[in-house]
Amino acid sequence: MMDYPLLNSTQSPSALSVWLYAILALVNAAAAYRTGKAWLRERSAGAFPFVPISFGLYAIVAAVAAGAFPLTGTLPGLPESFKRWGDSALSPAALCILWWSVLFAMLLLRRPLVSPRSRPHVLNLPAIAFLLALSDQGFATLVSQPDNVAIVLMVAATLFYLYVALSSAVRNDDRIAQGLPPLEGEKREREKVLVWPDLVYIELIAMIVVTAALLIWSLALSAPLEAPADPLHTPNPAKAPWYFVGLQELLVYFDPWLAGVVIPVTLAAGLIVLPYLDPSPQGSGFYSWASQPRAAGAFLFGFFGLWLLLIVIGVFFRGPNWAFYGPFQPRDVPKTESVCTQPLSTRLRTPGSASQQSSDEEHRLSAAGILVREWPGLTLLGLYFLFLPHALQHGPTRAFRRRVGAIRYHLALFLFLFMLLIPIKILLREICAVNYVLYLPEWGWSI
């Protein structure tokens, strides 16, 4: 059994919350001071300091929450009814749709979200929601495990830097619309400096800071090492390291040859050839959304909307028997799989479907009989990979087709549609109870 020293006391999650509330109060107080100084320096007639006041109010709220714990012994938390409703309503499909909706909302509403008045709320409300959830003992134990702390920080950091990147992109798009160069193209940004001592000095300081942070981390959190491998005892669930748990989650929706080999290799190859598919220098070297909205949106959906999401599901929402658990559900009671999935041909009850034949009869089917049985899947995949790119080049992707040519266009569309197979399969399995679009067990592979 793993030893988690931070969780030996029932008070440790509350103590962790107090520290986080205190840090949030200090950060907001510093932000209020800095934005207040900027307002005093550049204020115009009739202007009101919304931003400093907002940061200051959040600092007060966080400080009160941290200071009230020694007096009352409790911290603010989510209502039990809300937690029960969230656990019952949340499913893999609901979580994916919610995650994608948040990502699309950030991209579509990027301009109001990055405005100075919205910034205090966008940065504080997710942090406060997380701290409120920490009042639940099970949730606090889950996210504060030594092997999960890094994943929490990774998710928070990636979402924060996505917000920073969108802020820079909005500013650059506004400058370009006004005929000005982007921020990265200003003269002071293009000045050259010497590698020694300017760059090496900064890198040395960064190396020392990172080394000190890792040393403190290793002292504060025990290494999440379990007992030596025992062939007679398999952990339940047996999870891969965080950088492979996304592939392990893909095994729920795809055959091993697809989830473990074809999908990772194809997506990695797509990232390698991506710069050669659209060699246009437009939008290169600076943050911008208007320059390459489709390429930026596809990349963000692939990384944030799929890869990061699969890691989060595998780490925080999969429990014993790889069943899906809500964030506040106890993991000591194993759950059984509730989704009864079937191939598409079986769901549609086509002639010769697997539901109407025994396994021996299926293996005796000729190649023509198998293709007749799976004609719905073959038709859908043909329309998806062959007809859809041809139809799109006369509509939304017409300009891209003219700019890059036929070969690059069809290769880029194939990679994009191949990536979209992941969310399509997730929704088909969780909503329509379809596990395979094309079911070919006689030939040893299915999609």
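Residues numbered from 1 in each chain as written. Predicted model: local features only at pLDDT ≥ 70, side-chain atom pairs only at ≥ 80, totals over all residues. Heavy atoms only, no water.

Enquirer: What is the right way to look at the overall build of the protein chain in this model?
Expert: When its secondary structure is counted, the protein chain shows 18 helices and four strands. For the protein chain, the proportion of its 447 residues judged to be buried stands at 36%. Taking contacts inside the protein chain between residues at least 6 apart in sequence as the whole, the part at least 24 apart equals 73%. Counting every atom, the protein chain has about 26,400 Å² of accessible surface; 69% of that belongs to carbon and sulfur. (Helix = DSSP H or I, 4+ residues; strand = E, 2+ residues; numbered from the N terminus. Buried < 20%, exposed > 50% of the residue type's maximum accessible area, 1.4 Å probe, protein only. Contact = heavy atoms within 4.5 Å. Areas by Shrake-Rupley, 256 points an atom, 1.4 Å probe, with all protein chains shown as cover.)

Enquirer: Honestly, the nonpolar core in this entry has me stumped. Any pointers?
Expert: Within the largest apolar cluster, 73 residues are counted, with the highest numbers of intra-cluster contacts made by Phe-254 and Phe-316. No other element matches the 13 residues that helix 12 (residues 293-317) contributes to this core. Core analysis: the next-biggest nonpolar cluster, separate from the first, contains seven residues, Phe-400, Tyr-409, Ala-412 and Leu-413 among them. (Core = buried A, V, L, I, M, F, W, Y, C linked by side-chain atoms within 4.5 Å.)

Enquirer: Help me understand the packing of aromatic side chains in this model?
Expert: Each aromatic ring pair is described using two quantities: the centre-to-centre distance and the angle formed by the ring planes. If you walk through the whole model with that rule in mind, you get 17 aromatic pairs. Geometrically, the ring pair formed by Phe-82 and Trp-85 is tilted, given 6.0 Å between the ring centres and 40 degrees between the ring planes. Of this pair, Phe-82 and Trp-85 both sit in helix 3 (residues 80-89), separated by three residues, roughly a single helical turn. Residues Trp-242 and Tyr-243 carry aromatic rings whose centres are separated by 5.6 Å and whose planes lie at 80 degrees to one another, so their mutual orientation is edge-to-face. Residue class for Trp-242 comes out partly exposed when judged on its relative accessible area of 39%. Chaining the aromatic ring pairs together yields one cluster made of Tyr-384, Phe-385, Phe-414 and Phe-418. Positioned above the aromatic ring of Phe-328, the side-chain terminus of Lys-83 is 5.7 Å from the ring centre. (Phe/Tyr/Trp six-rings, centres within 6.5 Å; stacked < 30°, edge-to-face > 60°. Lys NZ or Arg CZ within 6 Å of the ring centre and 35° of its normal.)

Enquirer: So what exactly am I meant to see when it comes to the pattern of salt bridges here?
Expert: For the coordinates displayed, the defined rule picks out six salt bridges. Residue Glu-249 pairs with Arg-318 through a salt bridge whose shortest N-O separation is 2.8 Å. In this pair, Glu-249 sits in helix 10 (residues 242-250) while Arg-318 sits in the loop between helix 12 and strand 1 (342-343), placing the two residues 69 residues apart along the sequence. Accessibility classification places Glu-249 together with Arg-318 in one group, the buried group. A salt bridge links Glu-374 to Arg-373; the nearest nitrogen and oxygen atoms lie 2.8 Å apart. Each member of the pair, Glu-374 together with Arg-373, is buried. Through salt bridges with shared partners, a single network forms among Glu-80, Lys-83 and Asp-136. (Salt bridge = Lys/Arg side-chain N within 4 Å of Asp/Glu carboxyl O.)

Enquirer: Mind showing me how you'd approach the environment of Pro-237 here?
Expert: Mapped onto the secondary structure, Pro-237 falls in the loop between helix 9 (195-220) and helix 10. In this structure, the C-alpha to C-alpha distance between Pro-237 and Tyr-33, residues 204 residues apart in sequence, is 48 Å. If we skip the residues at most four places from it in the chain, Pro-237 touches Arg-318, Gly-319, Pro-320 and Trp-322.

Enquirer: In this structure, what is going on with the confidence of the model for the protein chain? I would like to understand it.
Expert: Here the protein chain averages 84 in pLDDT, while 91% of its residues score no lower than 70. When the criterion is pLDDT under 50, residues 350-360 qualifies, and its contacts beyond four places in sequence or with other chains add up to 21 contacts. (pLDDT = per-residue confidence, 0-100.)

Enquirer: Help me out: how do you make sense of the packing of helix 8 (residues 146-177) against helix 12 in this one?
Expert: Any two packed helices are characterised by the angle at which their axes cross and by the distance between the axes. At a closest axis distance of 11 Å, the pairing of helix 8 and helix 12 adopts a crossing angle of 160 degrees. Here helix 8 lies roughly antiparallel to helix 12, going by the angle between them. Taken as a pair, helix 8 and helix 12 cross one another with a handedness that is left-handed. Contacts between helix 8 and helix 12 involve Asn-148, Ile-151, Val-152, Met-154, Val-155, Thr-158, Leu-159 and Leu-162 from the former and Leu-300, Phe-303, Phe-304, Leu-308, Ile-311, Val-312, Val-315 and Phe-316 from the latter. When the residues that make up the contact of helix 8 with helix 12 are grouped by side-chain class, the tally is 14 nonpolar, two polar and no charged. (Axes fitted to C-alpha atoms, helices over the stretch in contact; angles between N-to-C directions. Parallel < 35°, antiparallel > 145°, perpendicular 65-115°, else oblique. Left-handed = near helix turned anticlockwise from the far one by under 90°. Nonpolar A, V, L, I, M, F, W, Y, C, P; charged D, E, K, R; others polar.)

Enquirer: How should I be thinking about helix 10 in this particular structure?
Expert: For an α-helix, the turn length of 3.6 residues means that residues three or four places apart are oriented alike. Taken together, the buried positions of helix 10 are Val-245, Gly-246, Gln-248, Glu-249 and Leu-250. In the core, the buried residues of helix 10 are packed alongside helix 11 (256-277), helix 12 and helix 18 (406-432).

Enquirer: Can you walk me through the packing of helix 2 (residues 50-72) against helix 6 (residues 119-133) in this structure?
Expert: Packing of helix 2 against helix 6 leaves a shortest axis separation of 10 Å and a crossing angle of 15 degrees. In terms of axis orientation, helix 2 runs roughly parallel to helix 6. For the pair helix 2 and helix 6, the sense of crossing is left-handed. Contact residues: Val-51, Ser-54, Phe-55 and Tyr-58 in helix 2; Pro-120, His-121, Asn-124, Leu-125 and Ile-128 in helix 6. Residue composition of the contact of helix 2 with helix 6, grouped by class: six nonpolar, three polar and no charged.

Enquirer: I keep staring at a nonpolar patch on the surface and nothing clicks. Help me out?
Expert: On the surface, Phe-48, Phe-50, Ile-53, Leu-57, Ile-60 and Val-64 cluster together to form a nonpolar patch covering roughly 570 Å² of accessible area. Tracing the backbone through its elements, the reader meets Phe-48 in the loop between helix 1 (12-42) and helix 2. (Patch = residues over 30% accessible without salt bridge, like charges linked within 9 Å, V, L, I, M, F, W, Y side chains within 5 Å.)

Enquirer: Got a minute to help me understand the state of the cysteines in this structure?
Expert: Working definition: the covalent bond between the sulfur atoms of two cysteines is a disulfide. Applying the stated criterion across every chain yields a total of zero disulfides. No disulfide involves Cys-432; its nearest neighbouring cysteine sulfur is the one of Cys-96, lying 14 Å away. The exposure class assigned to Cys-432 is partly exposed, which follows from its relative accessible area of 36%. (Disulfide = S-S within 2.5 Å.)

Enquirer: Can you walk me through the environment of Ala-105 in this structure?
Expert: Inspection of the secondary structure puts Ala-105 in helix 4 (residues 92-108). The exposure class of Ala-105 is partly exposed, given its relative accessible area of 31%. Here the alpha-carbon distance between Ala-105 and Asn-435, two residues 330 residues apart in the chain, equals 29 Å. Apart from the residues within four sequence positions on either side, Ala-105 is in contact with Arg-110 and Leu-113.

Enquirer: Where do I start with the side chain of Ser-17 in this structure?
Expert: With respect to the helices and strands, the residue Ser-17 is situated in helix 1. Since its relative accessible area comes to 1%, Ser-17 is described here as buried. Discounting residues that sit within four places of it in the chain, Ser-17 has contacts with Leu-75 and Leu-134.

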